[in-house]
Amino acid sequence: MKIIFFGDSITDAERDRENPNDLGKGFVLFAANKLRLLYPEKELLILNKGIGGERTTELLQRIEKDVVAEKPDLVVLLAGINDVWRRMDGGEVTTEEQFRTNYKKLVETIQGTGAKLILIESFLLDVASKKNFRPYVDAFNKIIREIADGKIPLIPMDEIFRGLTQDISPEKFAADGVHPTHRGCRYIANLAVKEIKKFVV
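Let me begin by describing the structure that accompanies this report.

Calculation notes
Every chain begins its residue count from 1, and numbering advances along the sequence as written. Selection of residues for local features in this predicted model requires a pLDDT of at least 70, selection of side-chain atom pairs for listing and counting requires 80 or more, and totals for whole chains, interfaces and linings are taken over all residues. Hydrogen atoms and water are omitted, and side-chain values are computed over all heavy atoms in the structure. Here, any two strands with at least 2 DSSP bridges between them count as paired. Numbering of helices and strands runs from the N terminus; a helix is a DSSP stretch of H or I covering at least four residues, while a strand is a stretch of E covering at least two. Contacts are assigned to residue pairs with any non-hydrogen atoms lying within 4.5 Å of each other. All axes here are fitted lines through C-alpha atoms, helices being fitted over the stretch that makes contact, and every angle between N-to-C directions spans 0 to 180 degrees. In these notes, a set of buried Ala, Val, Leu, Ile, Met, Phe, Trp, Tyr and Cys residues joined through side-chain atoms within 4.5 Å is what counts as a nonpolar core. Burial here depends on accessible area, computed with a 1.4 Å probe over protein chains only, as a share of the maximum for the residue type. Under 20% is buried, over 50% is exposed, and the range in between is partly exposed. We define a polar contact as two N or O atoms separated by no more than 3.5 Å, with the added condition that, inside protein, one atom must be a possible hydrogen donor and the other a possible acceptor, whereas residues neighbouring each other in sequence contribute only through side-chain atom pairs.

What to know about the sheet that holds strand E1 (residues 2-7)
In spatial order, the strands read E2-E1-E3-E4-E5; together these five strands make up an open sheet with parallel pairing. Looking along the sheet, the strands with just one partner apiece sit at the ends: strand E2 (45-50) and strand E5 (154-155). Summarising the sheet, strand E4 (residues 116-120) and E5 pair through two bridges and their orientation is parallel. Note on E5: the bridge partner recorded for Ile-120 is Ile-155. Packing against the sheet, helix H3 (residues 56-66) makes contact with E1 and E2, and its axis sits at approximately 165° to E1.

Here's what the structure looks like:
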């Protein structure tokens, strides 16, 4: 079974892009390790196809090479935060209409391969430096939920982190509000594995 994790820096997590088997240092590595422990008898090929800094636009530009051509059985897609971040630090604006078009195309392209698909909602922890991100994250996540429409498995990561940080400091999960700490990565990985298990045959 071939599983591809597709996304931005949260997926990438400092992987060695020259080594196709390198899974980085983040939630993909933790998820892979857990899956291999759960299914030692299965032939699981797990690939990290995250690239830091990419918006949905850039993901679309490489989806044919990094996903379609790989003929995966399952894809885990986590994308969207850079469509907000690049607006803030570089003035590259992604409108809601553009985001909807891009994200829908990502979903349709993956589904067109026959692969199963799991979506992870983009998330933002409540840290002071990123408070201005919140309206855009909410708007884009609403679009992601509408596209999932209860038919595509969706991990509501933003909602889950909001609940967790009622009693625990947000910095424990993502010091900068976006890039998860070791603890944050483990949390995302556990939720991803819970969904992936439904498709391992």
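Considerations on the nonpolar core
Formed by 63 residues in total, the largest nonpolar core has its most connected members in Phe-5, Phe-6, Phe-27, Leu-77 and Ile-196. Leu-77 has contacts with Phe-6, Tyr-103, Leu-106, Ile-110, Leu-117, Ile-118, Leu-119 and Ile-120, leaving out every residue within four places of it along the chain.

Focus on the side chain of Asp-66
For Asp-66, the position within the fold is in helix H3. A distance of 2.6 Å separates the side chain of Asp-66 from the side chain of Arg-62, its partner in a polar contact. A distance of 3.0 Å separates the side chain of Asp-66 from the side chain of Lys-65, its partner in a polar contact. Ignoring sequence-local partners within four residues, the contact set of Asp-66 consists of Ile-4, Phe-6 and Lys-49.

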